[in-house]
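Descriptive analysis of the structure
Listed below, chain by chain, are the residues.
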Amino acid sequence: MGPPGAGKGTQAVALAERINGAHVSTGDIFRANVAQETELGQAAKRYMDAGEYVPDEVTNAMVADRLAQDDAREAFLLDGYPRTLDQVAKLDQILADLDSGLDGVIALTVVEDELIGRLLERAKVSGRSDDTEEVIRHRQEVYRNETEPLLAVYRDRGLLIEVDGMGSPEEVGARIAEALSTRA
Ligand code: AMP
């Protein structure tokens, strides 16, 4: 977990590889569907472009399908999900049905000014239609309102692992590895 621009995607790819698990990024799945102009992509696009969350029913059904696939059976790393309290409840159900569960929830912490700067830099190269300054600011606000409350939920469950997300991807990756090794 972490606000847009915290470096979730970069760290998630590396960590999924390390744990030999499926990297399940809801943002990536949505973007692939938008590119392929599927029905799911059409349903998601206008929310994404506006920096809003795609409705929970759509997102939850997609994650349920994805986690039921073979490559996610042994291990998976969720990237960008859950993002709402409804998604937390649904994820609990999905995992219970699969006789699975979460080992930990990693939250990357980054100061907001740094986030906006990173996202504006990314906007220059990404071509992502949701990387304009206005949408970037709105996405931070949506994160604060909808997703930040989830940190307390996972903290209460003893699952939250907060990691300083400032610095280079390598530095942050090393901090994550360190936090996981002291936990295991
Ligand atoms: P991301 O690449 O994770 O920043 O996701 C890009 C966009 O996809 C978000 O701004 C949302 O519009 C949508 N999205 C990704 N994950 C979720 C989620 N868990 N719930 C709702 N919308 C999501």
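All figures in this text were calculated on a predicted structure; none of them were measured in a lab.

1. Structural notes on the packing of helix α6 (residues 112–126) against helix α7 (residues 133–147)
Remark: α6 packs on α7, axes separated minimally by 10 Å, with the N-to-C direction vectors making an angle of 135 degrees. As summarised for this structure, α6 and α7 are arranged oblique, according to the angle between their axes. Where α6 crosses over α7, the two elements pack in a sense that is right-handed. Across from E112, L115, I116, L119, L120 and R122 in α6, the residues of α7 making contact are E133, I136, R137, R139, Q140 and R144. Here the contact of α6 with α7 is built from residues that sort into five nonpolar, one polar and six charged.

2. As for the nonpolar core
Counting residues in each nonpolar core, the largest one holds 21 residues, and the members touching the most others are M1, L67, F76, L78, L91 and Y154. Among the elements of the structure, β1 (22–25), α4 (56–67), β2 (76–79), α5 (85–97), β3 (105–109) and α8 (149–156) are those that each provide at least two residues to this core. Among the elements that take part in this core, α5 stands out by supplying four residues, more than any other. Residues in contact with F76, not counting those within four places in the same chain, are I19, G21, A22, L67, L95, S100, G101 and L102. Counting 14 residues, the second largest nonpolar core, distinct from the first, contains A12, A16, I161 and I176.

3. Digging into the pattern of salt bridges
Tallied over the full model, the rule gives ten salt bridges. In this structure, K45 and D49 form a salt bridge, with 2.5 Å as the shortest nitrogen-oxygen distance. Pair noted here: K45 and D49 are both in helix α3 (residues 39–50), with a separation of four residues, about one helical turn. Classification of K45 as partly exposed rests on a relative accessible area of 37%. Judged by relative accessible area, D49 falls into the partly exposed class, the value being 26%. Among the salt bridges present, the one from D92 reaches R157, with a minimum N-O distance of 2.8 Å. Of this pair, D92 sits in helix α5 while R157 sits in the loop between α8 and β4 (160–164), and the two are 65 residues apart along the sequence.

About the thresholds
Residues numbered from 1 in each chain as written. Predicted model: local features only at pLDDT ≥ 70, side-chain atom pairs only at ≥ 80, totals over all residues. Heavy atoms only, no water. Axes fitted to C-alpha atoms, helices over the stretch in contact; angles between N-to-C directions. Helix = DSSP H or I, 4+ residues; strand = E, 2+ residues; numbered from the N terminus. Parallel < 35°, antiparallel > 145°, perpendicular 65-115°, else oblique. Left-handed = near helix turned anticlockwise from the far one by under 90°. Contact = heavy atoms within 4.5 Å. Nonpolar A, V, L, I, M, F, W, Y, C, P; charged D, E, K, R; others polar. Core = buried A, V, L, I, M, F, W, Y, C linked by side-chain atoms within 4.5 Å. Buried < 20%, exposed > 50% of the residue type's maximum accessible area, 1.4 Å probe, protein only. Salt bridge = Lys/Arg side-chain N within 4 Å of Asp/Glu carboxyl O.

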